[in-house]
Amino acid sequence: MGVTGYSIHGLRKNAGNDLAEADGTEREIMARLGHQSPQMAAHYTKRASRRKLARSTVEKLERAKARG
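Report on the accompanying structure. Small disclaimer: the values here were computed from a predicted structure and weren't measured.

### Considerations on the overall build of the chain
Across its full length, the chain carries 3 helices and 0 strands. What you see in the chain, going N to C, is helices and strands ordered as α-α-α. Its C-alpha atoms give the chain a radius of gyration of 16 Å, more than 25% over the compact-globule value 11 Å for 68 residues. When the backbone C-alpha atoms are referred to their principal axes, the chain occupies close to 55 × 30 × 15 Å. Counting across all 68 residues of the chain, residues that qualify as buried make up 19%. The contacts in the chain between residues at least 6 apart in sequence include a share of 38% that link residues at least 24 apart. For the chain, the exposed area adds up to about 5500 Å²; of that, 55% sits on carbon and sulfur atoms. For the chain, the distance from the average site of its 14 positive side-chain charges to the average site of its 7 negative ones is 5 Å.

Next comes the structure, spelled out in structure tokens:
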């Protein structure tokens, strides 16, 4: 019984993204995914930070438009 249609790399990448989106630290991501250096974990946290900032700016814009 196996999982088809997914690669180990893709599953690991998704896990890193999910952990970062849940405010996981670089060290926590490293521990969970087995990274030896913080560079790859930093990649996930940077992406999550950019996504959060992008969502925040959209929300602010929507609130400003609603106020008139």
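### Some details on the nonpolar core
One finds A20, I29, M30, L33, A41, Y44 and A48 forming the largest nonpolar core, which totals 7 residues. Elements represented by at least two residues in this core include exactly α2 (26–33) and α3 (38–67). Excluding anything up to four places from it in sequence, A41 contacts E26, I29, M30 and H35.

### Observations regarding the side chain of H35
Along the polypeptide, H35 turns up in the loop between α2 and α3. Within the local environment of H35, its side chain forms a polar contact with the side chain of R12, the two groups lying 3.4 Å apart. Beyond its immediate stretch of four places on either side in the chain, H35 contacts R12, I29, M30, M40, A41 and Y44.

### Topic: the pattern of salt bridges
The tally for this structure, following the rule as stated, stands at 3 salt bridges. Between E21 and R51 there is a salt bridge, and its shortest N-O distance comes to 3.6 Å. One end of the pair, E21, is in helix α1 (residues 8–21); the other, R51, is in helix α3, with 30 residues separating them in the sequence. By relative accessible area, R51 is classed as partly exposed at 34%. As a salt-bridge pair, R55 and E21 come within 3.1 Å of each other at their nearest N and O atoms. Highlighted residues: R55 in helix α3 and E21 in helix α1, separated in sequence by 34 residues. Here the salt bridges share partners, and the residues they tie into one network are E21, R51 and R55.

What counts, and where the lines are drawn
- Residues numbered from 1 in each chain as written.
- Predicted model: local features only at pLDDT ≥ 70, side-chain atom pairs only at ≥ 80, totals over all residues.
- Heavy atoms only, no water.
- Helix = DSSP H or I, 4+ residues; strand = E, 2+ residues; numbered from the N terminus.
- Rg over C-alpha atoms; globule rule 2.2 N^0.38 Å.
- Buried < 20%, exposed > 50% of the residue type's maximum accessible area, 1.4 Å probe, protein only.
- Contact = heavy atoms within 4.5 Å.
- Areas by Shrake-Rupley, 256 points an atom, 1.4 Å probe, with all protein chains shown as cover.
- Lys, Arg positive; Asp, Glu negative; His and termini not counted.
- Charge placed at Lys NZ, Arg CZ, Asp CG, Glu CD.
- Core = buried A, V, L, I, M, F, W, Y, C linked by side-chain atoms within 4.5 Å.
- Polar contact = N/O pair within 3.5 Å; in protein donor to acceptor, adjacent residues only side chain to side chain.
- Salt bridge = Lys/Arg side-chain N within 4 Å of Asp/Glu carboxyl O.

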